[in-house]
Amino acid sequence: MIRLQDVHVSIPVFLNEYSRAIRTSLGERMFGGRLSAGRGGKVCVHALRGISLEVRAGERVGLLGRNGAGKTTLLRVIAGIVPVSNGMVEVDGDVRSFFNLGAGLDPTRSGLGNIQSMSMFYVRDRKRIDETTPAIVEFAELGDFIHMPVYTYSAGMQARLMVAVATAYGGDIMVFDEMLGAGDASFIGKVEKRLGAMLCAARCVVVASHSAALLKSLCDRALWIDDGRVRAEGTVDNVNAEYERAMR
Amino acid sequence: MSRNAAHSLRVPSDWIGFVCYLAIDSIRRQYARTKLGPLWLILTQFVMIAGIAFVFFSIFKRPLGQFVLFISASILAWNLISVSITTAPTVFTGQSSLIQSFPLPFSIFPLQTMLNSLIVFLHGLAIHIVLMLALGGSLKTLPFLVLSLLVIVAIIYPAIAALGILGARYRDLAPMVGSIMYMAFLITPIIWDRIDIGGGMIWIVDLNPFYHMIEVVRRPMLGTLPSTRSMVVTLAMAGIALAAGEMFFRRYARPLPFWI
């Protein structure tokens, strides 16, 4: 279960040469969150400004909104990565989140070595990793390249490896950004199938996407996040219709 | 583990294995594709020891055997302390992609740095023991080293954590600490001994916290025990470091993801 109450996130920004120019434009609405001067003239981005949300067991929630609206920050709050400035966060369960799939990737090491080391960040259980490794190798379909250093891989091959690792371990609560669409068509199909199975097994799901079709297929409820706030909430169809009307 | 919970220097027990993995892994990465691998851990330290011992032997005409052992113990002790402190300001900034992708407890990164230094130290210690046996040194006080290392870890680990947070917020800290540690290397009796300095200046040495930290580590490696004064000073430092470090970490660790 996930419960957020009046959550605010202010991200301090440390500026050098541009600080004066930015300070003079403070208060104006800007793309990508609201900027303001805090104590002592410190510049802050108010990424979330009072978000309340409840996701009960069995629910799948989709987040809609333009770039910089606060969708990813909200996901990071739920995942326990970003601390909130104000408000309450309650997350009950083992959260699996994917943000930067490349985090922990060492290009000098082989694909197999990276599977082992990157898996440690998802699950800290050597035995489980050893048991899952053959399935990850098979899923990535990299053939003998799995024994080659990752710097010899093409971008698509690297993506295959990262996605194969990230989607190997399910969790109670799944939180992710739409970013798994890497690789060629057949691989995307495989990833979607695997993800679908993982999401079925998860108790709560929160996913951010720009694709209404994806959200419709995955979620039973949607939130439109705008300027760090919930602008609309309801069925995916209704929220998406409202969102598209406003964007027109 | 969530970043909205209170932060503590205490690493949760189910994370300890992971930290050991990270520490060993980072050393493996450092020496990836080298022919000699982690043997470099030993070689780099002993090139330094041999160089210093040779120069001082030629200039000051010290008895070579005893002096080599003294320099070996001193350099190993100094590296244990200084490498941790010098890398401390970047301990979190160097891991920004991990911190921003996974909900890892922050305390694992300073602990990993501490473990790295300990692993390097223990490699050097193995060679130091060989040198002691070859040059006729006494190993009878070596077990005391376990206590010394515990005290040193209790001082250094909270210091790394605090410097790591400060270094993330204030980027000038990393080069500043680097130059301070260089000065400390010169003014601390590491490659020279406390008695080498003139009588009137000894109080400067006795006020230097690095001197007492070096002493508790190197004396047991040379067959003697550290002075009571050094033991008391380092124990007090450990108590203060743990308490102050924990308070500092609880108070200031939370915004780290925004600072790195």
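Note that the structure is predicted; figures quoted are calculated from it, not measured.

1. Some words on the side chain of Asn208 of chain B
Move 1: Relative to the helices and strands, Asn208 of chain B resides in the loop between helix H8 (202–207) and helix H9 (209–221).
Move 2: A distance of 2.9 Å separates a polar atom in the side chain of Asn208 of chain B from the backbone nitrogen of Phe210 of chain B.

2. Notes on the pairing of strand S1 (residues 2–13) of chain A
Residue and element names in this part refer to chain A.
Move 1: Bridge count between S1 and strand S3 (residues 43–55): 10 bridges; the pairing is antiparallel. Among the inter-strand pairings, Ile2 is bridged to a residue of S3, identified as Val55.
Move 2: With five bridges connecting them, S1 and strand S5 (residues 86–91) associate as antiparallel partners. Note on S5: the bridge partner recorded for His8 is Asn86.

3. Quick word on helix H3 (residues 64–87) of chain B
Residues and elements named next belong to chain B.
Move 1: Look at H3: 33 Å from first C-alpha to last across 24 residues, which is about the 34 Å you get at 1.5 Å a residue.
Move 2: The largest bend along H3 reaches roughly 25 degrees and is located at Asn79.
Move 3: Counting buried residues along H3, 18 of its 24 residues qualify, which places the element largely inside the surrounding structure.

4. Some words on the sheet that holds strand S8 (residues 204–208) of chain A
Residue and element names in this part refer to chain A.
Move 1: The six strands are arranged S6-S7-S8-S4-S9-S10 in an open sheet whose pairing can be described as mixed. The sheet is open, and its two edges are formed by strand S6 (95–98) and strand S10 (229–234), each paired on a single side. Averaged over all adjacent pairs, the angle separating strand axes in this sheet is 15 degrees, with direction ignored.
Move 2: Here strand S9 (residues 221–226) pairs with S10 via five bridges, running antiparallel. When the bridges of S10 are listed, Ala222 appears paired with Gly234.
Move 3: On the sheet, helix H8 (residues 236–247) packs against strand S4 (60–64), S9 and S10 and is oriented at approximately 25 degrees with respect to S9.

5. Details of the pattern of salt bridges
Move 1: Within this structure, the stated rule accounts for 24 salt bridges over all chains.
Move 2: Between Glu54 of chain A and Arg56 of chain A there is a salt bridge, with its nearest N and O atoms 3.5 Å apart.
Move 3: What makes Arg56 of chain A partly exposed here is its relative accessible area of 46%.
Move 4: Arg219 of chain B serves as the salt-bridge partner of Asp193 of chain B, at 3.8 Å between the closest nitrogen and oxygen. With a gap of 26 residues between them, Asp193 of chain B in the loop between helix H7 (173–187) and H8 and Arg219 of chain B in helix H9 connect regions that are remote in the sequence.

6. Let's talk about unusual backbone geometry
Most of the time, phi is negative for any residue but glycine, and the peptide bond is trans.
Move 1: Residue Asp227 of chain A is not a glycine yet carries a positive backbone phi of 55 degrees.
Move 2: Assignment of secondary structure puts Asp227 of chain A in the loop between S9 and S10.
Move 3: By relative accessible area, Asp227 of chain A is classed as buried at 8%.
Move 4: Phi at Arg33 of chain B takes a positive value of approximately 70 degrees, unusual for a residue other than glycine.
Move 5: Here Arg33 of chain B is to be found in the loop between helix H1 (16–30) and helix H2 (39–60).

7. Observations concerning the domain arrangement of chain A
Residues and elements named next belong to chain A.
Move 1: Assigned domains within chain A: domain 1 (2–93 + 207–247) and domain 2 (98–202).
Move 2: Across the contact, 18 residues belong to domain 1 and nine residues belong to domain 2.
Move 3: Among the residues of domain 1 in contact with domain 2, Arg60, Leu75 and Val207 are the three that bury the most area, contributing 31% of the side total.
Move 4: The interface formed by domain 1 and domain 2 holds three residue pairs in polar contact (both at pLDDT 80 or more) in total.
Move 5: At the level of secondary structure, the elements contributing two or more residues to the side of domain 1 that touches domain 2 comprise helix H2 (71–79), S8 and helix H7 (212–218).
Move 6: The element contributing the most residues to the side of domain 1 that touches domain 2 is H2, with five residues.
Move 7: Across the side of domain 1 that touches domain 2, the residue classes tally to 10 nonpolar, five polar and three charged.

8. Points about a nonpolar patch on the surface
Move 1: Together, Leu36, Leu39, Trp40 and Leu43 of chain B make up a nonpolar patch on the protein surface, roughly 330 Å² of accessible area in all.
Move 2: Along the chain, the position of Leu39 of chain B falls in helix H2.

9. A short note on the confidence of the model for chain A
Move 1: Here chain A averages 87 in pLDDT, while 88% of its residues score no lower than 70.
Move 2: Taken element by element, chain A is modelled with least confidence in helix H1 (residues 19–24) of chain A, mean pLDDT 53, and with most confidence in helix H4 (residues 126–140) of chain A, mean pLDDT 95.

10. Overview of the packing of H2 of chain B against helix H5 (residues 108–135) of chain B
Residue and element names in this part refer to chain B.
Move 1: Contact pair H2 / H5: the axes reach a minimum separation of 9 Å and the direction vectors enclose 60 degrees. Between H2 and H5 lies a crossing whose hand is right-handed. Residues Leu41, Ile42, Gln45 and Phe46 of H2 form the contact with H5, whose own contacting residues are Val120, His123, Gly124, Ile127, His128 and Leu131.
Move 2: Counted by class, the contact of H2 with H5 contains six nonpolar, four polar and no charged residues.

11. Description of the interface of chain A and chain B
Move 1: Contacts between the two partners involve 29 residues from chain A and, on the opposite side, 26 residues from chain B.
Move 2: Surface buried jointly by chain A and chain B totals about 2,400 Å² across both partners, of which 60% is contributed by carbon and sulfur atoms.
Move 3: Three residues, Pro83, Phe121 and Arg124 of chain A, lead the burial of chain A against chain B; their summed loss comes to 28% of the area buried on that side.
Move 4: Where chain A meets chain B, there are three salt bridges.
Move 5: For the salt bridge of Asp106 of chain A with Arg29 of chain B, the shortest nitrogen-to-oxygen distance reads 3.8 Å.
Move 6: One can count four residue pairs in polar contact (both at pLDDT 80 or more) joining chain A with chain B.

The rules behind each value
Residues numbered from 1 in each chain as written. Chains lettered and ligands numbered in written order. Predicted model: local features only at pLDDT ≥ 70, side-chain atom pairs only at ≥ 80, totals over all residues. Heavy atoms only, no water. Helix = DSSP H or I, 4+ residues; strand = E, 2+ residues; numbered from the N terminus. Polar contact = N/O pair within 3.5 Å; in protein donor to acceptor, adjacent residues only side chain to side chain. Pairing = 2+ DSSP bridges. Expected span 1.5 Å × (residues − 1). Bend = angle between axes of the 7 residues up to and from the residue. Buried < 20%, exposed > 50% of the residue type's maximum accessible area, 1.4 Å probe, protein only. Axes fitted to C-alpha atoms, helices over the stretch in contact; angles between N-to-C directions. Contact = heavy atoms within 4.5 Å. Salt bridge = Lys/Arg side-chain N within 4 Å of Asp/Glu carboxyl O. Domains from an automatic or database assignment. Buried area = accessible area lost by both parts, 1.4 Å probe. Nonpolar A, V, L, I, M, F, W, Y, C, P; charged D, E, K, R; others polar. Patch = residues over 30% accessible without salt bridge, like charges linked within 9 Å, V, L, I, M, F, W, Y side chains within 5 Å. Areas by Shrake-Rupley, 256 points an atom, 1.4 Å probe, with all protein chains shown as cover. pLDDT = per-residue confidence, 0-100. Left-handed = near helix turned anticlockwise from the far one by under 90°.

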